[in-house]
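Secondary and tertiary structure notes
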Amino acid sequence: MFSTRRMQGLYAAVLTAALALTGVSDGYGQSTDNPSHGASDSRTEGETTPSDFVTNAIIANLAAARSECGSYDRVYRIDCLRQRMLDIARRIPQGPAYAQARQIVGRAASRLGTIQSANADTRVKKQRSRRNARLREAKVYTAIKQEKLNQAMQQASRVIEEATTQLLRAGENSEKRSAHYQKIAAAVGSTKVLLRSA
């Protein structure tokens, strides 16, 4: 007789396979009326082993954020990256497989927020978000003061470096988790291209 947990695991595996075969968009990449939709999805909530499905969705979300934020003037990029990383952290499942990744990405977003707040230029017109196929929520980005921009970019770059290192270390204690966390770390690290000083 199957236990409830085993039945849920079997259901999650069947649903994931069905979505992969039908080409349905994953819930972690799309916006909904409930921003925590991806975070509490029953497919992954209690799982202890990362899956290619979820890892690839996180990587695709980070790539979409990098692409969007890179399309704006440099003064808006820290706030764009902050807000999109926060969106991505909320979509990472809460279960043990991704708990550390969720925490690290969320903490990096928070630290970017501290940099943003300390250097915000409220006199400059805000930037409305452009279409992002994976992270659809409309956003408004605040500029960084031009005279503070290079310093703020350097600080933000260090935040991304530290998050990348933390993700790599988080995967070290689990062979099953290691490859997934390495991929997520590389995707987070790739956002540093947005933060180059002039």
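Located above this text is the structure these notes cover.
Residues numbered from 1 in each chain as written. Predicted model: local features only at pLDDT ≥ 70, side-chain atom pairs only at ≥ 80, totals over all residues. Heavy atoms only, no water.

1. Focus on the overall build of the protein
A tally of helices and strands in the protein yields six helices and four strands. Overall, the protein shows an N-to-C arrangement of helices and strands of α-α-α-α-β-β-β-β-α-α. By residue count, 46% of the 198 residues in the protein fall in the buried class. Put simply, 78% of the contacts in the protein that link residues at least 6 apart link residues at least 24 apart. Surface accessibility of the protein: about 10,300 Å² in total, with carbon and sulfur atoms responsible for 50%. (Helix = DSSP H or I, 4+ residues; strand = E, 2+ residues; numbered from the N terminus. Buried < 20%, exposed > 50% of the residue type's maximum accessible area, 1.4 Å probe, protein only. Contact = heavy atoms within 4.5 Å. Areas by Shrake-Rupley, 256 points an atom, 1.4 Å probe, with all protein chains shown as cover.)

2. Remarks on the packing of helix α3 (residues 77-91) against helix α5 (residues 149-172)
Taken N-terminus to C-terminus, the directions of α3 and α5 make an angle of 25 degrees; their axes are 11 Å apart at the nearest point. Judged on the interaxial angle alone, α5 and α3 are roughly parallel. The two elements α3 and α5 meet at a crossing, and its hand is left-handed. Each of Ile78, Leu81 and Met85 in α3 lies in contact with α5, whose residues at this interface are Ala152, Met153, Ala156 and Ile160. Residue classes in the contact of α3 with α5 are distributed as seven nonpolar, no polar and no charged. (Axes fitted to C-alpha atoms, helices over the stretch in contact; angles between N-to-C directions. Parallel < 35°, antiparallel > 145°, perpendicular 65-115°, else oblique. Left-handed = near helix turned anticlockwise from the far one by under 90°. Nonpolar A, V, L, I, M, F, W, Y, C, P; charged D, E, K, R; others polar.)

3. Here's the deal with the pattern of salt bridges
Taken as a whole and assessed by the stated rule, the structure comprises eight salt bridges. The shortest N-O distance in the salt bridge between arginine 84 and aspartate 87 comes to 3.0 Å. Of this pair, arginine 84 and aspartate 87 are both found in helix α3, three residues apart, which corresponds to roughly one turn of the helix. The two residues arginine 84 and aspartate 87 agree in class, both being buried. The network of salt bridges with shared partners includes Glu68, Arg84, Asp87 and Lys139. (Salt bridge = Lys/Arg side-chain N within 4 Å of Asp/Glu carboxyl O.)

4. As for the nonpolar core
Of all hydrophobic cores here, the largest spans 45 residues; its most connected members are Ile78, Met85 and Val188. Among the secondary structure elements, those contributing two or more residues to this core are α2 (52-70), α3, α4 (99-119), β4 (143-144), α5 and α6 (175-189). Among the elements that make up this core, the one with the highest residue count is α5 (nine residues). (Core = buried A, V, L, I, M, F, W, Y, C linked by side-chain atoms within 4.5 Å.)

5. Points about the state of the cysteines
All chains considered together, the criterion is met by one disulfide. Linked covalently through their sulfurs, cysteine 69 and cysteine 80 form a disulfide whose S-S length is 2.0 Å. One quick way to see it: the torsion about the S-S bond of cysteine 69 and cysteine 80 is about -80 degrees, and its sign makes the bridge left-handed. Residue cysteine 69 is located in helix α2, and its partner cysteine 80 is located in helix α3; the two are separated by eleven residues in the primary sequence. (Disulfide = S-S within 2.5 Å.)

6. Side note on the side chain of arginine 84
The class for arginine 84 is buried, based on a relative accessible area of 0%. Polar contacts involving the side chain of arginine 84 include one to the side chain of glutamate 68, which spans 2.8 Å. Among the polar contacts listed, one links the side chain of arginine 84 to the backbone oxygen of glutamate 137, at a separation of 3.1 Å. Setting aside residues up to four positions removed in sequence, arginine 84 forms contacts with Ala65, Glu68, Cys69, Ser129, Asn132, Leu135, Glu137, Lys139 and Tyr141. (Polar contact = N/O pair within 3.5 Å; in protein donor to acceptor, adjacent residues only side chain to side chain.)

7. Section: the packing of aromatic side chains
One pass over the structure, following the stated rule, counts one aromatic pair. Lying across the ring of tyrosine 181, arginine 177 places its NZ or CZ 5.7 Å from the centre. (Phe/Tyr/Trp six-rings, centres within 6.5 Å; stacked < 30°, edge-to-face > 60°. Lys NZ or Arg CZ within 6 Å of the ring centre and 35° of its normal.)

8. Focus: the packing of α4 against α6
Relative orientation of the contacting elements α4 and α6 amounts to 15 degrees, with a least axis distance of 11 Å. With respect to their mutual orientation, α4 and α6 come out roughly parallel. Taken as a pair, α4 and α6 cross one another with a handedness that is right-handed. Contacts from Ala99, Gln100, Ala101 and Val105 in α4 reach Arg177, Tyr181, Ile184 and Val188 in α6. Partitioned by chemical class, the residues of the contact of α4 with α6 number six nonpolar, one polar and one charged.

On their own, these measurements won't tell you what the molecule is for.
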